Amino acid sequence: MTAVSRTICRVFGRLRDCINRRARIALSVLAVATLSACTTPDAPVEVFDPYEDTNRRIFEFNRSLDRGLVRPASNAYGTAVPVPIRQGVTNLSGNIDTPRRFTNDVLQGNLEDAGHNIFRFLLNSTLGVFGLFEVATEFGLEPRPSDFGETLHVWGAPEGAYVVLPFLGSSNERDAIGKVVDLFTNPLTHVLEDEAQLIPPASSAGAGLDTRYRLRGTIDSILYDSADSYAQSRNLYIQNRRFQLEDTNEDFFFDPYGDFDGPEN
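Now for a quick tour of the structure.

Notes on the overall build of the chain
Point 1. The helix and strand tally for the chain stands at nine helices and two strands.
Point 2. Seen in sequence order, the chain has helices and strands lined up from the N terminus as α-α-α-α-α-β-β-α-α-α-α.
Point 3. The 265 residues of the chain split such that 40% are buried.
Point 4. A separation of at least 24 residues holds for 69% of the contacts in the chain among residues at least 6 apart in sequence.
Point 5. A total of about 14,900 Å² of accessible surface is found on the chain, and carbon and sulfur atoms cover 62% of it.

Quick look at the structure:
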């Protein structure tokens, strides 16, 4: 790459960063404004799915995508790439995602988790060679996930109706907004330059393929062996998400992954 090309890339990179900073503010304002219009049931219900017809069509599209592309790609990835390398890519993806978790911890006022996650990031980025090795857990610092959907939950936003997103799968109205905002709230993605910007999406894709491969038995059972895979996927998502957010009613909800077998290699 010539010096002129590098200069142009830097200029556009800075411009992009400026746009992204303003976009984060705009999306946050949009998210708060949109949440007031989240669909809510007239009375408390276990499953609120007023868009079921549309959701089922998107679900079938996602299932076709999994059958034709994602499942074969994950099987090829899991078969061809040794476990240590796959684990290293997954570790790297998780480490890159940690600053976003830290941001949401701060937005939630959860300073304990914020400090926990940033210390994990520092340990894994140094002793763990940029996060390829998960050393923080060995020091007793386990991963503590956080996202903007959880932030909105902490702020008192209702979960809204169940929705299925193209490519992304099960969600609800609150978490769908959260997923969009999360695209812009990882500070690390705005300091990487040039080719380094390919690392976050590439490692995230690798981690996704590895997860699909390791949990292939469970996922295939839900998607292809269930009498109504849509209903089962919906119920598992709703129950697990409420369990994660500790927004549970013991009469109705349980951890749907508690009875699953451990991940496959």
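Resuming the write-up.
Quick look at the packing of aromatic side chains
Point 1. Inspection of every chain in the model, using the stated rule, returns five aromatic pairs.
Point 2. With a centroid separation of 5.5 Å and an interplanar angle of 85°, the aromatic rings of Phe61 and Phe167 are classed as edge-to-face. Of this pair, Phe61 sits in helix H2 (residues 52–80) while Phe167 sits in the loop between strand E1 (162–165) and strand E2 (169–172), and the two are 106 residues apart along the sequence.
Point 3. When its relative accessible area of 41% is taken as the criterion, Phe61 is described as partly exposed.

Describing the side chain of Asn124
Point 1. With respect to the element layout, Asn124 can be found in helix H4 (residues 111–126).
Point 2. For Asn124, a relative accessible area of 3% gives the class buried.
Point 3. In this structure the side chain of Asn124 is engaged in a polar contact, spanning 3.4 Å, whose partner is the side chain of Glu134.
Point 4. When residues no more than four places from it in sequence are discounted, the contact partners of Asn124 are Asn95, Val129, Phe130, Gly131, Phe133, Glu134, Val135 and Ala136.

Considering empty space enclosed by the protein
Point 1. Applying the stated rule across the entire model yields one cavity of 30 Å³ or more.
Point 2. What lines the largest cavity is Phe48, Glu159, Gly160, Ala161, Tyr162, Ser171, Asn172, Tyr237, Ile238, Arg241 and Arg242.
Point 3. Residue assignment for the lining of the largest cavity shows that the elements contributing at least two residues are E2 and helix H9 (229–244).
Point 4. Looking at the lining of the largest cavity, the element that brings in the most residues is H9, giving four residues.
Point 5. Considering only residue class, the lining of the largest cavity consists of five nonpolar, three polar and three charged.

Digging into the pairing of E1
Point 1. By the alternation rule, side chains of E1 split into Tyr162 and Val164 and Val163 and Leu165, which are all buried.
Point 2. Across four bridges, the pairing between E1 and E2 is antiparallel. Opposite Tyr162, over in E2, you have Asn172 as the bridge partner.
Point 3. Linking E1 back to E2 in an antiparallel pair, the connection comprises three residues, with Phe167 at a positive phi of about 75°.

Points about helix H6 (residues 173–182)
Point 1. With eight of its ten residues buried, H6 lies for the most part within the structure.
Point 2. Sitting at the amino-terminal end of H6 is Asn172, which places a side-chain oxygen 3.1 Å from the backbone nitrogen of Arg174.

Digging into the nonpolar core
Point 1. With eight residues, the main nonpolar core is built from Ile58, Phe59, Tyr162, Val164, Leu223, Tyr230, Tyr237 and Ile238.
Point 2. Those elements that place two or more of their residues in this core are H2, E1 and H9.
Point 3. If you tally residues by element for this core, the top one is H9, at three residues.
Point 4. Non-local contacts of Tyr237, meaning those with residues more than four positions away in its chain, are made with Tyr162, Ser170, Ser171, Asn172 and Asp175.
Point 5. Membership of the second largest hydrophobic core comes to five residues, among which are Leu152, Ala157, Ile177 and Val181.

Looking at the packing of helix H3 (residues 83–107) against helix H7 (residues 199–214)
Point 1. At a minimum axis distance of 8 Å, the contact between H3 and H7 shows a crossing angle of 125°. Taken as axis vectors, H3 and H7 run oblique relative to one another. As H3 packs across H7, the resulting crossing turns out to be left-handed. For the pair H3 and H7, the contacting residues are Arg86, Val89, Thr90, Leu92, Ser93 and Ile96 in the first and Ile199, Pro200, Ser203, Ser204, Gly206, Ala207, Asp210, Tyr213 and Arg214 in the second.
Point 2. Within the contact of H3 with H7, the residues separate by chemical class into seven nonpolar, five polar and three charged.

Calculation notes
For every chain, the first residue of its written sequence is number 1, and the numbers climb from 1 along that sequence. Totals for whole chains, interfaces and linings use all residues, but because this is a predicted model, local features are given only for residues with pLDDT of at least 70 and pairs of side-chain atoms are given and counted only at 80 or more. Working from all heavy atoms in the structure, the side-chain values ignore hydrogens and water. Secondary structure is summarised from DSSP: a helix means a run of H or I of at least four residues, a strand means a run of E of at least two, and numbering begins at the N terminus for each. Partly exposed describes any residue whose relative accessible area lies between the buried limit of under 20% and the exposed limit of over 50%, with all areas from a 1.4 Å probe on protein chains only and scaled to the type maximum. Contacts are residue-level and defined by heavy atoms, with any inter-residue pair within 4.5 Å sufficient. Under the convention used here, a 1.4 Å probe and the Shrake-Rupley method define accessible areas, while residue burial counts only the protein chains that appear. Only the six-membered ring of Trp is used, alongside the rings of Phe and Tyr, when aromatic pairs are assigned; centres must lie within 6.5 Å, and planes under 30 degrees apart are stacked while those over 60 apart are edge-to-face, with the rest tilted. Whenever a nitrogen or oxygen atom comes within 3.5 Å of another N or O atom, the pair is scored as a polar contact, on the condition that within protein one atom can donate a hydrogen and the other can accept it, and that pairs from neighbouring residues in sequence are kept only if both atoms are in side chains. Using a 1 Å grid laid over the protein atoms alone, points where a 1.4 Å probe fits but cannot get out form a cavity; open sets with protein on both sides within 12 Å along at least 5 of 7 lines form a pocket; any residue with an atom within 4 Å of a point counts as lining. Grid points are joined across faces, edges and corners, and a volume is the space filled by probe spheres set on the points. Charged means Asp, Glu, Lys or Arg here, nonpolar means Ala, Val, Leu, Ile, Met, Phe, Trp, Tyr, Cys or Pro, and polar covers whatever is left, Gly included. Any two strands between which DSSP finds at least two bridges are classified as paired. Here, nonpolar core means buried Ala, Val, Leu, Ile, Met, Phe, Trp, Tyr and Cys residues that are tied together by side-chain atoms lying within 4.5 Å of each other. To get an axis, a line is fitted to the C-alpha atoms, and for a helix only the part in contact is used. The angle between two axes follows their N-to-C directions and goes from 0 to 180 degrees. Our angle categories are set so that under 35 degrees counts as roughly parallel, over 145 as roughly antiparallel, 65 to 115 as roughly perpendicular, and the remainder as oblique. Definitions for this section: a left-handed crossing has its near helix turned counterclockwise from the far helix by less than a right angle. A right-handed crossing has that turn clockwise.

Remember that the coordinates give geometry; whether it matters functionally is a separate question.
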